[in-house]
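Notes for the structure review
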Amino acid sequence: QVQVVESGGGLVQPGGSLRLSCAASGSIFRLNSMGWYRQVPGKERDLVASITSAGNADYADSVAGRFTISRDNAKNTMYLQMNSLKLEDTAVYYCKSWNIRTGFIMWGKGTQVTVFS
């Protein structure tokens with residue numbers, strides 16, 4: 001059974017950095033697009049960054065220039081390097097794996113990121 005599991009969340013002060021990881025089981029990881037979403041209570045889950053199977057990345061305007069998404073297909077792992085963190089980056093961050101051609105979608109359970117002053 002395919003699973004995705006996030007790790008790396010925590011507490012950080014404004015201006016600090018964190019790196020999130022998303023480990024995916026199954027050999028299909030390299031064929032799927034991957035993405036990071038975030039959600040705060042009472043609001044919708046928003047896309048933060050995504051990366052295709054070919055390694056093409058895209059970012060929300062709010063994080064462009066501060067966050068970097070990457071993937072290591074040999075390790076079945078995706079990363080989100082978050083620099084210059086702001087209070088408004090506080091959220092639960094979710095990993096998503098999907099494949100448009102097969103209709104496959106898998107979400108992780110999320111990891112909490114809290115930026116506090």
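Quick summary incoming for the structure in this document. Here the residue numbers are simple positions, counted from 1 along each chain's written sequence. A pLDDT threshold of at least 70 governs which residues receive local features in this predicted model, and a stricter bar of 80 or more applies before side-chain atom pairs are shown or counted, although totals over entire chains, interfaces and linings include all residues. To get the side-chain values, take all heavy atoms of the structure and skip hydrogens and water.

1. Considering the overall build of the protein chain
Along its length, the protein chain carries zero helices and eleven strands. For helices the rule is a DSSP run of H or I covering at least 4 residues; for strands it is a run of E covering at least 2, with both sets numbered from the N terminus onward. When the helices and strands of the protein chain are listed from N to C terminus, the series reads β-β-β-β-β-β-β-β-β-β-β. When we talk radius of gyration, it's over C-alpha atoms, and the globule rule is simply 2.2 Å times the number of residues to the 0.38. The C-alpha atoms of the protein chain give 14 Å as radius of gyration, which agrees with the globular expectation for 117 residues (13 Å, within 12%). Seen along its three principal axes, the alpha-carbon backbone of the protein chain occupies a region of about 45 × 25 × 25 Å. When a residue's accessible area, from a 1.4 Å probe over protein chains only, is under 20% of the maximum for its type it is buried; when over 50% it is exposed; and in between it is partly exposed. The buried share of the protein chain, reckoned over its 117 residues, is 40%. At a minimum sequence separation of 6, the contacts of the protein chain that also span at least 24 residues come to 54%. Accessible surface area values rest on a Shrake-Rupley calculation with a 1.4 Å probe, where residue burial reflects the displayed protein chains alone. Per element, the accessible surface of the protein chain, about 6400 Å² overall, is 50% carbon and sulfur. Between two residues, a contact is recorded if the distance between any of their heavy atoms is within 4.5 Å.

2. With respect to the pairing of strand 9 (residues 91-99)
In terms of residue burial, strand 9 counts as a mostly covered element, since eight of its nine residues are buried. Paired strands, in this sense, are two strands between which DSSP finds at least two bridges. With seven bridges joining them, strand 4 (residues 33-39) and strand 9 adopt antiparallel strand pairing. If you follow tryptophan 36 over to strand 9, its bridge partner there is cysteine 95. Sheet topology note: the strand 9/strand 11 (residues 111-115) ladder contains three bridges and is antiparallel.

3. Focus: the nonpolar core
Grouping buried Ala, Val, Leu, Ile, Met, Phe, Trp, Tyr and Cys residues that are joined through side-chain atoms within 4.5 Å yields what is termed a nonpolar core. Ranked by internal contacts, the top residues of the largest apolar core, which has 24 residues, are Trp36, Val48, Phe67, Met78, Leu80, Met82 and Tyr93. Secondary structure elements with two or more residues in this core: strand 3 (18-24), strand 4, strand 5 (46-51), strand 7 (67-72), strand 8 (77-82), strand 9 and strand 11. Examining the composition of this core, we find that four residues originate from one element, strand 3, more than from any other. Setting aside chain neighbours within four positions, we find tyrosine 93 in contact with Glu6, Leu20, Trp36, Tyr37, Arg38, Val48, Phe67, Leu80, Met82, Gly110, Thr111 and Val113.

4. Focus on the packing of aromatic side chains
A ring pair, where both rings are aromatic, is described by two values, the distance of the centres and the angle of the planes. We call Phe, Tyr and Trp rings a pair once their centres come within 6.5 Å, taking the six-membered ring for Trp, and we label the pair stacked below 30 degrees between planes, edge-to-face above 60, and tilted otherwise. Considering all chains together, one arrives at two aromatic pairs under this definition. Between tyrosine 37 and tryptophan 107 the ring centres are 4.9 Å apart and the planes differ by 65 degrees, which places this aromatic pair in the edge-to-face class. Of the two residues, tyrosine 37 sits in strand 4 while tryptophan 107 sits in strand 10 (residues 104-107), which places them 70 residues apart along the sequence. A residue is classified by how much of its surface remains accessible, and tyrosine 37, at 13% relative accessible area, is buried. Assessed through its relative accessible area of 31%, tryptophan 107 is described here as partly exposed.

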